[in-house]
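Remarks on the overall topology
The residues making up each chain are set out below.
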Amino acid sequence: MAEKTKLGKEFTKGLIKENPVLRLVLGTCPTLAVSVSVTNAIGMGIAATIVLVCSNIVISALRKIIPSKIRIPAYIVVIASFVTIVQMLVKAFVPALNDALGVYLPLIVVNCIILGRAEAFAGKNPVLASCFDGLGMGVGFTFALIVMATIREIIGSGTFLDGIDSLTALFGATSFTGFTLFSNPVGVMVMAPGGFLVFGLVMALANRIAEGRGKPKAELDGCSGCPMAQTCAMAGGEESCDNKAKEESAS
Amino acid sequence: MIAIFLTVVLTENYVLCQFLGICPFLGVSKKLNTAVGMSVAVIFVMALATAATYPINKYLLVKNDLEYLQTIVFILVIAALVQFVEIVLKKFIPSLYQALGIYLPLITTNCAVLGVVLLNVESGYNFAQSMVNSVGAGVGFLIAMVLFAGVRERLEGNSIPKALQGFPITLIAASLVSLSFQGFAGIVENIFG
């Protein structure tokens, strides 16, 4: 019973408390780039979750075999293999999503969430816990993407769930192709500035909620969230790169 | 060539228009000198990575129908290359290592570097075009970093609503900088079109 609640905790912490995007500030690039439509967000979220769960399982299973000195390259190979598999599956079964996500699909390889979880969790914990950690983080990532995409798609394109049939076609349903809400949308919201703006506002809201519950707000100080922080000469353990770089320039 | 360069620097700036390399953009742009150091290292690695991956892709992967291995091969080449450059610089040009070395490990997992290599292949550029595109992407990164570092230094002294302090206001500032880059849209087409 105790075992069960622990696994449940590994899963749920990724959803809200340690949400990878809104709390840990990881994986900002895909979050900003893909959240132009809810369909893309769901597709990207599922793809990243699959890679995250699989790579967490494999890395955790191999954690005693991989020498710690070359663990980062080893993790990258494992992650890249799964990304390639997912990429080929998406190309074959959901070509529309492949076109929509473009270069961001292979770029899951360098998504900080995945390498970050490998480094922070899967490399130190047993297989089952890592699997649930990956699942929770993946769902949390998808959740944050959907929140952003909902705001941006409704305001920026005047639609909701547009093109969802490319995903539901996998289950044989193609009749529902999304809502069209209004015809004079604010186009800038689906372009780059809108992405930054919505992310900033969502982040402010998340901080406000966290503060209301007495939690520290999400911080972005240099490399603290970066998976390379441990190995990186700049980070020097607990210090952020900014501090370190400041010292370097001062001396 | 010039059109490719200007497009990638201004209208399709990797950071501000295509969301590649956001992590260092937001993380290292607090101070101007670190921003410049990081960007120079990025230009350097982007050019090297393109020079290394282009022949590998053309003569090894495409020839043997192994294009599906691109993602794995490219990331490994970039990771190995960055390590190698770091070791070589440390040994032979310590002054340059002092300036750039601390930024190099960060760049391995920078999506802009892998992104530029993959986009070069996707756009079907030849070697010279790929190099121009990579250096241009790096220069675009430099411009975005420098501009944004300036904006952030200004932000520091201002009073900001409590909920927006820190990361959110940085993003909103990035939004405004990015908005200004949208103004370049169409310029390249009009000049070279």
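For the structure, see preceding data.
Residues numbered from 1 in each chain as written. Chains lettered and ligands numbered in written order. Predicted model: local features only at pLDDT ≥ 70, side-chain atom pairs only at ≥ 80, totals over all residues. Heavy atoms only, no water.

**A look at the overall build of chain A**
Within chain A, the regular secondary structure consists of ten helices and two strands. Each of the 251 residues in chain A was classed as buried or not, and the buried ones make up 51%. In chain A, 74% of the contacts between residues at least 6 apart in sequence involve partners at least 24 apart. Split by element, the accessible area of chain A, about 11,000 Å² in all, is 66% carbon and sulfur. (Helix = DSSP H or I, 4+ residues; strand = E, 2+ residues; numbered from the N terminus. Buried < 20%, exposed > 50% of the residue type's maximum accessible area, 1.4 Å probe, protein only. Contact = heavy atoms within 4.5 Å. Areas by Shrake-Rupley, 256 points an atom, 1.4 Å probe, with all protein chains shown as cover.)

**A closer look at the overall build of chain B**
Counting its secondary structure elements, chain B contains ten helices and zero strands. Listing each helix as α and each strand as β along chain B from the N terminus yields α-α-α-α-α-α-α-α-α-α. Computed over C-alpha atoms, the radius of gyration of chain B comes to 18 Å, within 12% of the 16 Å expected from 2.2 N^0.38 for 193 residues, which places it in the range of a compact globule. Considering only C-alpha atoms, chain B reaches an extent of 60 × 45 × 30 Å along its principal axes. The proportion of buried residues among the 193 residues of chain B is 53%. Partitioning the contacts of chain B with sequence separation of at least 6, the portion at a separation of at least 24 is 77%. (Rg over C-alpha atoms; globule rule 2.2 N^0.38 Å.)

**Looking at the pattern of salt bridges**
Residue and element names in this part refer to chain A. Inspection of the entire model under this criterion finds two salt bridges over all chains. Between Arg 71 and Glu 119 there is a salt bridge, and its shortest N-O distance comes to 2.8 Å. Of the two residues, Arg 71 is situated in helix 4 (residues 71-93) and Glu 119 in helix 6 (residues 112-122); the sequence distance between them amounts to 48 residues. For Arg 71, a relative accessible area of 18% translates into the label buried. On the accessibility criterion, Glu 119 (10% relative accessible area) is buried. Residue Asp 133 pairs with Arg 117 through a salt bridge whose shortest N-O separation is 2.9 Å. Of this pair, Asp 133 sits in helix 7 (residues 127-157) while Arg 117 sits in helix 6, and the two are 16 residues apart along the sequence. For the pair shown, Asp 133 and Arg 117 are each scored as buried. (Salt bridge = Lys/Arg side-chain N within 4 Å of Asp/Glu carboxyl O.)

**Thoughts on the interface of chain A and chain B**
The parts lose accessible area when they come together, and the size of an interface is often stated as this lost area. Counting residues at the interface gives 48 residues for chain A and 45 residues for chain B. Interface area for chain A against chain B, summed over the two sides, is near 4,300 Å², with a carbon-plus-sulfur share of 77%. Counting the contacts that link chain A with chain B gives zero salt bridges. At the boundary of chain A with chain B, the tally comes to three residue pairs in polar contact (both at pLDDT 80 or more). At the level of elements, helix 2 (28-34), helix 4, helix 6, helix 9 (192-212) and helix 10 (241-250) of chain A are the ones that each hand at least two residues to the side of chain A that touches chain B. Per-class residue counts for the side of chain A that touches chain B are 34 nonpolar, nine polar and five charged. (Buried area = accessible area lost by both parts, 1.4 Å probe. Polar contact = N/O pair within 3.5 Å; in protein donor to acceptor, adjacent residues only side chain to side chain. Nonpolar A, V, L, I, M, F, W, Y, C, P; charged D, E, K, R; others polar.)

**Thoughts on a nonpolar patch on the surface**
Together, Ile 85, Leu 89, Phe 93, Leu 170 and Phe 171 of chain A give the surface a local cluster of nonpolar side chains, amounting to about 580 Å² of exposed area. Secondary-structure assignment places Leu 170 of chain A in the loop between helix 8 (165-168) and strand 2 (179-180). (Patch = residues over 30% accessible without salt bridge, like charges linked within 9 Å, V, L, I, M, F, W, Y side chains within 5 Å.)

**Describing helix 3 (residues 32-62) of chain B**
With 31 residues, helix 3 of chain B extends 42 Å from end C-alpha to end C-alpha; this agrees with the ideal 45 Å at 1.5 Å per step. In the structure, helix 3 of chain B departs most strongly from a straight axis at Ile 56 of chain B, where the bend amounts to approximately 30°. (Expected span 1.5 Å × (residues − 1). Bend = angle between axes of the 7 residues up to and from the residue.)

**Points about the nonpolar core**
In this structure, Leu 107, Phe 196 and Phe 199 of chain A together with Phe 25, Met 38 and Leu 114 of chain B are the most contacted members of the largest nonpolar core, which totals 121 residues. Counting residues per element, this core draws most heavily on helix 4 of chain A, at ten residues. Contact partners of Met 38 of chain B, with chain neighbours within four places excluded, come to Pro 24, Val 28, Tyr 103, Leu 106, Ile 107, Asn 110, Phe 141 and Met 145 of chain B. (Core = buried A, V, L, I, M, F, W, Y, C linked by side-chain atoms within 4.5 Å.)

**Some details on the environment of Val 38 of chain A**
All names here are of chain A. Relative to the helices and strands, Val 38 is located in helix 3 (residues 38-61). Along the backbone, Val 38 and Ile 164 are 126 residues apart, and their C-alpha atoms lie at a distance of 8.1 Å. When sequence neighbours within four positions are dropped, the list of residues in contact with Val 38 reads Ile 146, Ala 149, Thr 150, Glu 153, Phe 160 and Leu 161.

**Points about the packing of aromatic side chains**
The final tally for this structure, using the stated rule, is five aromatic pairs over all chains. Both rings, one in Phe 196 of chain A and one in Phe 19 of chain B, keep their centres 5.3 Å apart while their planes meet at 65°; by these two values the pair is edge-to-face. Residue Phe 196 of chain A is found in helix 9, and its partner Phe 19 of chain B is found in the loop between helix 1 (2-11) and helix 2 (22-27); the two belong to separate chains. A relative accessible area of 0% places Phe 196 of chain A in the buried class. Lys 91 of chain B extends its terminal NZ or CZ atom over the ring of Phe 92 of chain B, reaching a point 5.8 Å from the ring centre. (Phe/Tyr/Trp six-rings, centres within 6.5 Å; stacked < 30°, edge-to-face > 60°. Lys NZ or Arg CZ within 6 Å of the ring centre and 35° of its normal.)

**Quick notes on the state of the cysteines**
Two cysteines form a disulfide when their sulfur atoms are joined by a covalent bond. A complete count under the given rule lists zero disulfides over all chains for this structure. Lacking any disulfide linkage, Cys 54 of chain A is separated from the closest cysteine sulfur, that of Cys 131 of chain A, by 8.7 Å. (Disulfide = S-S within 2.5 Å.)

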